[in-house]
Amino acid sequence: MSTASRTGTAPALKLPEKHYLNSEYGLRSWLLTTDHKRIALLYLASVTFFFFIGGFFAMMIRLHLLTPSGYLLSADTYNRMFTMHGVTMVFFFLIPSIPTILGNFLIPLMVGAKDLAFPKINLLSWYIYIVGGAFTLYSMVTGGLDTGWTFYTPLSTVYSNSAVAPAVLGVFITGFSSILTGLNFLVTIHTMRAPGMTWFRLPLFVWAHYATSVVMILGTPVIAITLGLAAMERVFGLGFFNPAMGGDPILFQHLFWFYSHPAVYIMILPAMGVISELIPTFARKKLFGYHFVAGSSIAIAVIGFVVWAHHMFLTGQSTYAAIAFSFLTFLVAIPSAIKTFNWTATLFGGSISFDTPMLYAFGFLGLFLVGGLTGLFLGCLGIDMHVHDTYFVVAHFHYIMVGGAVMGYLGGLHFWWPKMTGRMYPEWLARIAAFILFVGFNLTFFPQFVLGYLGMPRRYHAYPPEFQVYNVMSTAGASILAVGYLLPMAYLTWAAFYGKIAGENPWPATGLEWKTPSPPPTENFEVTPVVTWEPYDFHNRPDLGLDVPSHTGVMPVPAHGHD
Amino acid sequence: MAVAAEISGRVRRRKEHTRAVQSPLPFFPEQASSFAGSVDTLFLFVLLTCLFFAVLVSALAMFAAFKFRRTSPAQVGSTLEGNLILEVGWTVIPLMIALVMFAWGAVVYVNFRIAPKDTLDIYVVGKQWMWKLQQPNGKREINELHIPVNRDIKLILGSEDVIHDFYVPAFRVKMDVVPGRYNTMWFRPTRVGKYHFFCSQYCGTNHAAMGGEVTVMDPAEYAAWLSDESGNMNPVSAGAQLFTQLACVTCHLSDGTGRAPSLNGVYSGRVLLADGTSVTADDAYIRESILQPKAKIVAGYQPVMPTFQGLVTEEQIMNLTAYIKSLQSQPVPAKGAGIAPAATGKK
């Protein structure tokens, strides 16, 4: 069928009669659903809501910084804007985005299961997220938050005049949502794989989520405890971090970064998983070095736990500690380099098309390269003593978080949109939007590297005039970036209702999720699938209807091992 | 009027700044300390190495995207799926390069963290949202720092409230200023001029306004500036005054016969404690002894000293410390039971 659609001689494709979207109607059927696909859409709506709130704050920041003295906002308002931008984007957009939307929707489909292992806990985790989000929103409208997203003590626990307690409580609560999602993924991946779906036949998207889940489960409790202690210090005056009461403000930073550095990998690993799906699909070729790419996800998750104090090189920590953490930081760069080289190598000998998801994959590759390499500057002790806490850092982590994680997220959303909705997005409009995003992003954040090296500290509502030209460039870029985000929001929504019917496997791609109708039925598969092929193998998949040169195909191998 | 004055001030500042810029590359701020050159060289090394890899990977990806573009709708790629030699190569080579960056960076940083002997010490106190600085002779400044060129300068940093950070881009150095402890940083200014300094750790409402100017002067000019306006009391005499005001003097008798140990010659020596251990009497120990006297009891004495937490400011502690330091040159009394001078090396 899919072959026919590519040669243009097929009768018009039709949506399946019954699928997860029309199996039940009414608000109750959504709010009480245990279907991982519907929960993914609940997350899509709420995470998008928070993305646009965070985006609004970002726009305010950039507009304010157009002039050195900043006429738009007062100092206090500006401080609230960047703090709430950070809190919203980190805890309510970046951390949940790919796992809870794409991961939730796809992991059961990819491993050939009917749902996640604990469907009710999955729904519970969404409600927890909403409750946490509500507390944080409450903080934003009743005084805002001006501590910086890092909540450094004693500023946050003693000196801040903003609504710190509800915001901290919100982040604390949302953490449980992360833990439950991670737990659900781990159990699902371990116990619910279809016959023949061995560990090394898993799509790398699943491997990446496995590593992410481990970090979520091990790291999140630490931030919960830390924020709990900070809240107690602020509300009840107990001295944990306040030096006036015998506490240690540096202890807070250790505890905070013990979670918040691995949290960076919670944000980027799933995006790496998406890219590992996109590149083989649009190069129609096996991923180069599958085992190395899978192993590097685990290596990142493990080493990522022992690099936290590189955020603290200039707190006065011991010189020996700084040297050890710098060394470990350089080590964690290596698995990312391995992934990048393997993705690039996959392109060689491929049959590469430039559909929108692939454009995002190329965009990711370029931006992640810059983001990752600039991480080496910051991990390097002798450079960090100059650029620490300047715009260089801001530029670096936006290249990772926006250039990496968001590009991966949008690429994945375009790639699986036909599966989620049964309909295609408008291809040319999407390509233009991807291009606008790439240009806007670089114009926004590249000048900030220069600003940082010139010495402009971050979190400044006013700055010396010699920094203005780069700030103007950055603000101009941000305006372009805003258009780039509004476009997909508009046309993806439109496409969900009026787009061209996609069919079961429009690309075609090799994963199990493409062997069920689009949109899938509530139970995902009519019969439990049996996996007899290796991942991303286009040569032994006659069902995809591709032109395979006769000498390259080999007989399908049976499932091996008992895993 | 005020606006016009502000604008003209800004234009003037910009002109001054333009004059000061003498950097080899447009994205370098001016180089004005002994660290600027080594940080910039290291930065260039890392930058060029990273550029090489960025260009290599991008060029390979673009080449492949063009060379292996799809030519017919149902075309598939090759069966290539990996190569162990390549995998080992692109793991080991980047690792080696990363280790070079690590080692070079560590050398520059260690040099920054270990101050040379015989520095010009300046006390710096950060508070929301201003810097108070004090020269060795007691001369005070707010949001301004005057220092002589080509002299090793050490800043002793304390905070009265939240965490701040003292950052001079032209010197390529910064250090957090953490309440409850002292951090130090050092540098040697190498060029006469005026340079911005910033607070670079977010500290609340007026964080962005918490900066000022470092003025690097010729030694002769600095000496003239320093002796000008001698109305300020130097830290030692301010500390001596406090020592009497706060009644420290009633117990810490200088001949060692009081209820508390004599402080003569204590500074930088070893002090034997009641629990059998010993500790070096540095700035941090003196500070702790003032704020938490019961934390480390000197051997042979009772824990009778009250805490001065909340009664003395950071500046006053620094003055007291300076005074105690100044007692260094006087002879150590024989009866000082708790004092174990470095020379005796008591177990």
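Residues numbered from 1 in each chain as written. Chains lettered and ligands numbered in written order. Predicted model: local features only at pLDDT ≥ 70, side-chain atom pairs only at ≥ 80, totals over all residues.

Student: Explain the overall build of chain B here, please?
Tutor: If you tally the helices and strands in chain B, you get seven helices and 13 strands. Looking at chain B as a whole, 35% of its 347 residues qualify as buried. A sequence separation of at least 24 residues applies to 68% of the contacts in chain B between residues at least 6 apart. (Helix = DSSP H or I, 4+ residues; strand = E, 2+ residues; numbered from the N terminus. Buried ≥ 20, exposed ≤ 12 C-beta atoms within 10 Å, placed from the backbone. Contact = placed C-beta atoms within 7 Å.)

Student: Just to check I follow, could you spell out the overall build of chain A for this structure?
Tutor: Summing up its helical and strand segments, chain A has 16 helices and zero strands in all. Its C-alpha atoms give chain A a radius of gyration of 24 Å, within 12% of the compact-globule value 24 Å for 563 residues. C-alpha extents for chain A along the principal axes are approximately 75 × 45 × 45 Å. Within chain A, the fraction of its 563 residues that count as buried is 61%. Relative to all contacts within chain A whose residues are 6 or more apart in sequence, the contacts with residues 24 or more apart total 83%. (Rg over C-alpha atoms; globule rule 2.2 N^0.38 Å.)

Student: Any chance you could explain the domain arrangement of chain B here in plain terms?
Tutor: How large an interface is tends to be reported as the accessible area lost when its parts come together. Residues and elements named next belong to chain B. Assigned domains within chain B: domain 1 (13–62 + 115–232) and domain 2 (235–340). With ten residues of domain 1 at the contact, the number on the domain 2 side is nine residues. For the side of domain 1 that touches domain 2, the secondary-structure elements that each account for two or more residues are strand S1 (120–127), strand S2 (130–134) and strand S5 (153–159). For the side of domain 1 that touches domain 2, the class distribution of residues is four nonpolar, three polar and three charged. (Domains from an automatic or database assignment. Nonpolar A, V, L, I, M, F, W, Y, C, P; charged D, E, K, R; others polar.)

Student: Could you clarify how one ought to interpret the interface of chain A and chain B in this entry?
Tutor: Each partner contributes residues to the interface: chain A has 82 residues there, and chain B has 78 residues. Mapped by element, the contributors of at least two residues to the side of chain A that touches chain B are helix H1 (2–7), helix H4 (75–111), helix H6 (155–159), helix H9 (249–283), helix H11 (319–347), helix H12 (356–379), helix H13 (381–387) and helix H15 (427–454) of chain A. Among the elements that make up the side of chain A that touches chain B, the one with the highest residue count is H11(A) (15 residues). Looking at the side of chain A that touches chain B residue by residue, the classes come out as 48 nonpolar, 25 polar and nine charged.

Student: Can you help me understand the confidence of the model for chain A in this one?
Tutor: Close reading of the predicted structure is inappropriate where its pLDDT is low. Across chain A, the average pLDDT comes to 92, with 96% of residues at or above 70. Low pLDDT (under 50) marks residues 1–9 of chain A, which in the prediction has 18 contacts with non-local residues, meaning those over four places away or in another chain. (pLDDT = per-residue confidence, 0-100.)

Student: Sorry if this is basic, but what is going on with the environment of Ser23(A) here?
Tutor: Residue and element names in this part refer to chain A. Looking at the element boundaries, Ser 23 is found in the loop between H1 and helix H2 (27–31). A count of 14 C-beta atoms within 10 Å places Ser 23 in the partly exposed class. Spatially, the C-alpha atom of Ser 23 lies 41 Å from that of Ala 478, the residues being 455 residues apart in sequence. Excluding anything up to four places from it in sequence, Ser 23 contacts Lys 18 and Thr 522.

Student: Could you clarify how one ought to interpret the sheet that holds S2(B) in this entry?
Tutor: What links the strands of a sheet is backbone hydrogen bonding, and the strands pair in either a parallel or an antiparallel sense. Residues and elements named next belong to chain B. Sheet architecture is open: five strands sit in the order S3-S2-S1-S5-S8, paired in mixed fashion. The open sheet terminates on both sides in strands that have one partner only, identified here as strand S3 (140–142) and strand S8 (183–187). Sheet twist, expressed as the average angle between the axes of neighbouring strands with direction ignored, equals 25 degrees. Pairing geometry for S1 and S2, over five bridges, is antiparallel. Each bridged residue has a counterpart across the sheet, and for Val 124 the counterpart in S2 is Leu 133. (Pairing = 2+ DSSP bridges. Axes fitted to C-alpha atoms, helices over the stretch in contact; angles between N-to-C directions.)

Student: Can you help me understand the sheet that holds strand S4 (residues 144–148) of chain B in this one?
Tutor: Residues and elements named next belong to chain B. Strand order across the open sheet formed by five strands is S4-S10-S9-S6-S7, with mixed pairing between neighbours. Each end of this open sheet is capped by a strand with a single partner; those strands are S4 and strand S7 (173–177). In this sheet, adjacent strand axes meet at a mean angle of 20 degrees when their direction is disregarded. Inspection of the sheet shows strand S6 (residues 164–168) paired to strand S9 (residues 193–199) by two bridges, in the antiparallel sense. Across the sheet, residue Tyr 167 finds its bridge partner in S9, namely Phe 198.

Student: So what exactly am I meant to see when it comes to the packing of H4(A) against helix H5 (residues 119–141) of chain A here?
Tutor: Helix-helix packing is described using two parameters, namely the angle between the two axes and the distance between the axes. All names here are of chain A. Between H4 and H5, the shortest axis-to-axis distance is 12 Å and the interhelical angle comes to 165 degrees. Comparing the axis directions of H4 and H5 gives the class roughly antiparallel. Both H4 and H5 take part in a crossing whose hand is left-handed. Between H4 and H5, the contacting residues are Met 84, Val 87, Phe 92, Pro 96 and Asn 104 on the first element and Asn 122, Tyr 129, Gly 133, Thr 136 and Met 140 on the second. In the contact of H4 with H5, the residues fall into six nonpolar, four polar and no charged. (Parallel < 35°, antiparallel > 145°, perpendicular 65-115°, else oblique. Left-handed = near helix turned anticlockwise from the far one by under 90°.)

Student: Explain the environment of Thr212(A) here, please?
Tutor: All names here are of chain A. Among the structural elements, Thr 212 can be located in helix H8 (residues 204–236). The class of Thr 212 is buried, set by 31 C-beta atoms lying within 10 Å. Sequence-wise, Thr 212 and Ile 95 are 117 residues apart; in three dimensions their C-alpha atoms are separated by 10.0 Å.

Student: Please clarify how unusual backbone geometry should be interpreted in this entry.
Tutor: When glycine is set aside, most residues are seen to have a negative phi, and most peptide bonds are trans. All names here are of chain A. The omega angle of the peptide bond from Trp 507 to Pro 508 is -10 degrees, so this bond is cis rather than trans. Residue placement: Pro 508 occurs in the segment after helix H16 (468–498). With omega at -10 degrees, the peptide bond leading from Ser 518 into Pro 519 counts as cis. In this fold, Pro 519 is placed in the segment after H16. At Arg 459, a residue that is not glycine, the phi angle is positive and equals roughly 60 degrees.

Student: What is the right way to look at the environment of Glu24(A) in this model?
Tutor: Tracing the sequence through the fold places Glu24(A) in the loop between H1 and H2. Spatially, the C-alpha atoms of Glu24(A) and Thr522(A) are 9.9 Å apart, while their sequence positions differ by 498 residues.

Student: Which parts of the structure should I look at to understand the pairing of S1(B)?
Tutor: Within a regular beta strand, the side chains point alternately toward one face of the sheet and then the other, so they alternate between its two faces. Residue and element names in this part refer to chain B. When S1 meets S5, the two strands line up parallel, connected through seven bridges. Bridge pairing in S5 links Leu 120 to Ile 153. Count of turn residues in the S1/S2 antiparallel hairpin: two residues.

Student: Help me understand helix H2 (residues 34–67) of chain B, please; the structure alone is not making it clear to me.
Tutor: In an α-helix, one turn spans 3.6 residues; hence positions three or four apart end up facing the same way. With 34 residues, H2(B) should reach 50 Å at 1.5 Å per residue; the first-to-last C-alpha distance of 50 Å fits that figure. Of all the residues in H2(B), the buried ones are Phe35(B), Ala36(B), Val39(B), Asp40(B), Leu42(B), Phe43(B), Val46(B), Cys50(B) and Ala61(B). Buried positions along H2(B) lie against H11, H12 and H13 of chain A together with helix H3 (84–113), S7 and S8 of chain B. (Expected span 1.5 Å × (residues − 1).)

Student: Can you walk me through the confidence of the model for chain B in this structure?
Tutor: Residue and element names in this part refer to chain B. Looking at chain B, pLDDT values average 84 and 86% of them are 70 or higher. The secondary-structure element of chain B with the lowest mean pLDDT is strand S13 (residues 339–340), recorded at 42, while S6 shows the highest, at 96. Every residue in residues 1–21 is under pLDDT 50, and counting partners more than four places away or in other chains gives nine contacts. The low-confidence segment residues 331–347 (pLDDT under 50) makes 38 contacts with residues lying over four places distant or belonging to another chain. What the predictor reports for the complex is a pTM of 0.85 with an ipTM of 0.89.

Student: Can you help me understand the packing of H11(A) against H2(B) in this one?
Tutor: Put simply, H11(A) and H2(B) touch, their axes get as near as 8 Å, and they point 25 degrees apart. By the angle class used here, H11(A) and H2(B) are roughly parallel. Crossing of H11(A) against H2(B): the hand is left-handed. Touching Thr340(A), Thr344(A) and Leu347(A) of H11(A) are Val57(B), Leu60(B), Ala61(B), Ala64(B) and Ala65(B), all from H2(B).

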